[in-house]
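Fold and contact review
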Amino acid sequence: MPSSDSENFESADEGQDHIKKNVRRKRISSSNYSTDTSEAEPVCDQVLSNSSRDTNIEKEKQSDGWDDFDIEITTENEKHPNAKVLSIKDASSVAKKDIDSIGTGWDDVGDWGQVEIVDKIKKDEVPKSLPKPEDQSNCDISEVTEKLAAASTKSGWGWGWGVDSLISSASAGITTITSQVSQGISNVLETSIGAPEPEELARKNIKEETNKEVLSDKVSELERNDKKTEQSSSAESTFPFGNLLSGVTKFVESTGTKVIAGGLDTLETIGKKTMEVLQDGDPGLAKKRAMLGLDSGDKPVLSQILREAKAKAEEEDMIREEKKEAKEVHYENLFDDFEGLVHLEALEMLSKQVNMRIEERMRSIEPEKKQDLKETLQQVAELCEIPEDEEDDDETPDDTSKPEAFHEKLQTATQDLGLKLQFQPLVKQYTDVLEWLSGDEQVGEKAVYKRAVSSLAQATALSVEIYHKTAEMLLVKPRRSTADEADALTQMTVVLTKHVSDLATAFTVKLNSIAADNKQQINEYATNIFLESGNSSTYIQNAFQLALPILQIGAV
Amino acid sequence: MVDPIFDYQFRLILIGDSTVGKSSLLKYFTDGKFAELSDPTVGVDFFARIIEVQDGTRIKLQLWDTAGQERFRSITKSYYRNSVGALLVYDVCNRSSFEHIPLWMMEAKRHIEPHRPVFALVGCKIDLVGTDNNKSGSRREVSCEEARMFAEENGLHHVETSAKSGLNVEEAFVLVAQEVYNRIQTGEYKVEDGWDGIKTGFNRPNGMDFNLLEAETVQSTCC
């Protein structure tokens, strides 16, 4: 345990440098064996040589004794410097005089604070107290080594810092500044470098100074010499650190100052510039103040501005709403929204594609057969001509509803087409419209008009979709029967155009049933509805015309 | 019916083998619904939805849902031309649908020329790749890694989706829309006459123009 203590001491003291350690060891041993260097040393030697105690303990003392002495100086000197000097002399003289006081003599060396008690012990009951001081010394040694270990960790650095008051003050400055400027940086510095607290550093300095003053004997001189060499060496090793740290601090400091100063400068510049701009050709801001009404006592400026802004926003909303509404009753947009336009477009793409194929065939065919081909194409086109207002059997049987009758007509018209077409969406839409029109709730003329345009656009879109689907299916149909197909599509077109005109009529009937004061408006709406139904018919017939090449290609 | 106000309309086309889930994907995207059973698409169907890209620009996506069936192949290729983006759709539980992707991509490239569309590789039915004890679920036949690798090699975006749970459905379309929009911003794509891949939509309400005018007059007095 004692040897390990000594190890602790050594390593703690100079843990960072092994070479120094050796130097120190040499020093210690040399001082141990030179009798004239210290007064305390001979005491120890004598004590040890004359005593018949355990050799282990002796060895322990031999190695530890000097160190302990050393510690006591550094740790307790500042408290009773004078007393210590005295006690050293006392102890040595006592030891010389009285060999019997082995234990106490040792104790004196080991513990300066108990000089008086020791003296008493010496004089009175030496044999009795022998075991006790030994215990005490043991306990003291461990206590002391602990202290030493703690102190030396710091003093190892403390010496480095302590050499130069400049460095220590700089380091103190660093810790305070860094902790103020940035917690992070100070943390880094303290944790990584292990820089001691400034207060502690200051205390260390004082200690060492007192040590230097008090210890006038050769031991202390030697000690001091050694220290000096150490100090210089450790100062050399720590100096770059000091530079680095102060550099960092300076950088942090100067950057901070620059940022703050820069920020203030910028603000000032902005302020000045603003004033310049504001006062440009208007000294004292007279005009601007007048313009803003600041001088005229017209106080509720802000509220008025807010009111105006609100009015403006409302106006914008109204414009937006109007635009949205305009779009809502805009037939083409609605037709697009119901995907009528895109179906028409897709149908057009197919139609063009097929037309190209027909033209290609026309080019590649022998001249004599070309005429036949042309005739065939012409015949198909003629089949697709819409008959002019033929039979007018509009009267639906009473037992079937209008949508059902409509559905039936569509199916009858297309039964020879050989395709399974989906008419349900169109029939359902018709059902919904008739339901809405026969509803009990009071609706305005505008609502009827909107619904009319929307319904026409939707019915047309659904119709165009049917043409598109029919075209697609015809193109993949394995066996074509062009004449039947042409006839079926023609009939379907008649049914569909009739349907949109029926829808328009239903809506205008509803419009006219509204007892409105504005007859002019209702007439205008009714006219528009008929116009849009005409529009719908055109779309449907265009779709039919686009389907023509698809019918034709089946024949050639 | 969709909100009428939008800034651009992009036409996107969905292509891929039949029954991979193109229509279901679109139904979920536009309707938020999933149908267990659906009829095979005839030729092409249309869907539409308005979305917003990152800067808040409103884009109407006009979505062309093509039939995957072989018999419609000659028809569907007529529809490619006016597309600005193409979603290459495969079924993660159907190996061959993934193996046909290069063919679909080549066909799309050929028919969309001279325009260069934005492509995205979209895996469907990720919900069927269940846990191991899910015996009814199909096994995954296309790993995410190989799909991603193919996408990277060909400069496509890749995403795996489920039209049943809605996973990544939105992302798949937003991805393509954003890319198209970015290419408009960089000038690579333009609104052209006779090409319907990109169209300008309805203008913003008048208020905006009004504000712009005001801002200009203020500026002129200043300078």
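About the thresholds
Residues numbered from 1 in each chain as written. Chains lettered and ligands numbered in written order. Predicted model: local features only at pLDDT ≥ 70, side-chain atom pairs only at ≥ 80, totals over all residues. Heavy atoms only, no water. Helix = DSSP H or I, 4+ residues; strand = E, 2+ residues; numbered from the N terminus. Buried < 20%, exposed > 50% of the residue type's maximum accessible area, 1.4 Å probe, protein only. Contact = heavy atoms within 4.5 Å. Areas by Shrake-Rupley, 256 points an atom, 1.4 Å probe, with all protein chains shown as cover. Axes fitted to C-alpha atoms, helices over the stretch in contact; angles between N-to-C directions. Parallel < 35°, antiparallel > 145°, perpendicular 65-115°, else oblique. Nonpolar A, V, L, I, M, F, W, Y, C, P; charged D, E, K, R; others polar. 1 Å grid on protein atoms, 1.4 Å probe; cavity = no way out; pocket = protein on both sides within 12 Å on 5 of 7 lines; lining within 4 Å. Points joined across faces, edges and corners; volume = space filled by probe spheres on them. Core = buried A, V, L, I, M, F, W, Y, C linked by side-chain atoms within 4.5 Å. Salt bridge = Lys/Arg side-chain N within 4 Å of Asp/Glu carboxyl O. Polar contact = N/O pair within 3.5 Å; in protein donor to acceptor, adjacent residues only side chain to side chain. Patch = residues over 30% accessible without salt bridge, like charges linked within 9 Å, V, L, I, M, F, W, Y side chains within 5 Å. Lys, Arg positive; Asp, Glu negative; His and termini not counted.

Now for the overall build of chain B. A count of helical and extended segments in chain B gives seven helices and seven strands. Ordered by position in the sequence, the α and β elements of chain B form the string β-α-β-β-α-β-α-α-β-α-β-α-β-α. For chain B, with 223 residues in total, the buried portion stands at 49%. Contacts spanning at least 24 positions in sequence make up 75% of the contacts within chain B whose residues lie at least 6 apart. For chain B, the accessible area works out to roughly 11100 Å², and carbon and sulfur atoms hold 50% of it.

Let us look at the overall build of chain A. Broken down by element type, chain A carries 23 helices and zero strands. Here chain A holds 556 residues, and 40% of them are scored as buried. Contacts in chain A between residues at least 24 apart in sequence constitute 77% of all its contacts with a sequence separation of at least 6. Roughly 31400 Å² of accessible area belongs to chain A as shown, and the carbon and sulfur atoms make up 54% of that amount.

Right, let's get into the packing of helix 21 (residues 445-475) of chain A against helix 22 (residues 482-513) of chain A. All names here are of chain A. One way to put it is that helix 21 packs onto helix 22 with a least axis distance of 9 Å and a crossing angle of 170 degrees. What the angle tells us is that helix 21 and helix 22 run roughly antiparallel. Looking at the contact of helix 21 with helix 22 residue by residue, the class counts come to 15 nonpolar, six polar and four charged.

Turning next to the layout of surface pockets. Of the voids in this model, the largest pocket is the one considered here, and its volume is about 1700 Å³. Where the lining of the largest pocket is concerned, the elements lending two or more residues are helix 16 (331-337), helix 17 (340-364), helix 20 (424-437) and helix 21 of chain A together with helix 1 (22-31), strand 2 (44-52) and strand 3 (58-66) of chain B. At seven residues, helix 21 of chain A tops the list of elements feeding residues into the lining of the largest pocket. Here the residues of the lining of the largest pocket sort into 20 nonpolar, 10 polar and 14 charged.

Our next topic: the nonpolar core. Membership of the largest hydrophobic core comes to 102 residues, with the highest contact counts inside it found for Tyr467, Leu489 and Met492 of chain A together with Trp64, Tyr79, Leu88 and Leu121 of chain B. Setting aside anything within four residues of it in sequence, one finds Leu489 of chain A in contact with Leu417, Tyr467, Thr470, Leu474, Phe544, Ala547 and Leu551 of chain A. Ranked by size, the runner-up nonpolar core spans 32 residues in total, among them Phe10, Leu12, Val53 and Ile184 of chain B.

Here we come to the pattern of salt bridges. All names here are of chain B. In the structure shown here, the tally under the stated rule is 22 salt bridges over all chains. When the shortest N-O distance is used, the salt bridge between Glu70 and Arg73 registers 3.3 Å. Taking the relative accessible area as the measure of exposure, Glu70 reaches 57% and is therefore exposed. Close ionic contact of Arg95 with Glu99 constitutes a salt bridge, the shortest N to O distance being 3.2 Å. One end of the pair, Arg95, and the other, Glu99, are both in helix 3 (residues 95-99), four residues apart, so they sit about a helical turn from each other.

Turning our attention to the side chain of His468 of chain A. Considering the arrangement of structural elements, one finds His468 of chain A in helix 21. A relative accessible area of 0% means that His468 of chain A is categorised as buried. At 2.8 Å, the side chain of His468 of chain A forms a polar contact with the side chain of His343 of chain A. Those residues in contact with His468 of chain A that lie beyond four places of it in its chain are His343, Ala346, Leu347 and Leu350 of chain A together with Val44, Phe46 and Tyr79 of chain B.

A surface patch of nonpolar side chains, about 430 Å² in accessible area, is lined by Val259, Ile260, Leu264 and Leu267 of chain A. Within the fold, Leu267 of chain A resides in helix 13 (residues 218-279).

With an omega of 5 degrees, the peptide bond between Glu113 of chain B and Pro114 of chain B qualifies as cis. Positive phi values are uncommon outside glycine, yet Glu339 of chain A reaches one of about 65 degrees. Within the secondary structure, Glu339 of chain A sits in the loop between helix 16 and helix 17. The backbone of Lys125 of chain B shows a phi angle near 60 degrees, a positive value even though the residue is not glycine. The residue Lys125 of chain B is located in the loop between strand 5 (118-124) and helix 5 (144-153) in this model. With a relative accessible area of 25%, Lys125 of chain B lands in the partly exposed category.

Residues and elements named next belong to chain A. Between helix 20 and helix 21, whose axes approach to 10 Å, the crossing angle comes to 170 degrees. In terms of orientation, helix 20 and helix 21 fall into the roughly antiparallel class. Across the interface between the two elements, Pro425, Leu426, Gln429, Asp432, Val433 and Trp436 of helix 20 pack against Ala447, Val448, Arg451, Ser455, Gln458, Ala459, Leu462, Ser463 and Ile466 of helix 21. Tallied by class, the residues present in the contact of helix 20 with helix 21 amount to nine nonpolar, four polar and two charged.

Residue and element names in this part refer to chain B. Mapping Asp17 onto the fold places it in the loop between strand 1 (8-15) and helix 1. Here Asp17 occupies a buried position and makes no salt bridge, while the nearest side chain of opposite charge, Arg73, is found at 5.1 Å. A distance of 2.5 Å separates the side chain of Asp17 from the side chain of His100, its partner in a polar contact. Beyond its immediate stretch of four places on either side in the chain, Asp17 contacts Lys22, Gly68, Val89, Ser96, Ser97, His100 and Trp104.

In short, the description is geometric, and any link to function would need to be established separately.
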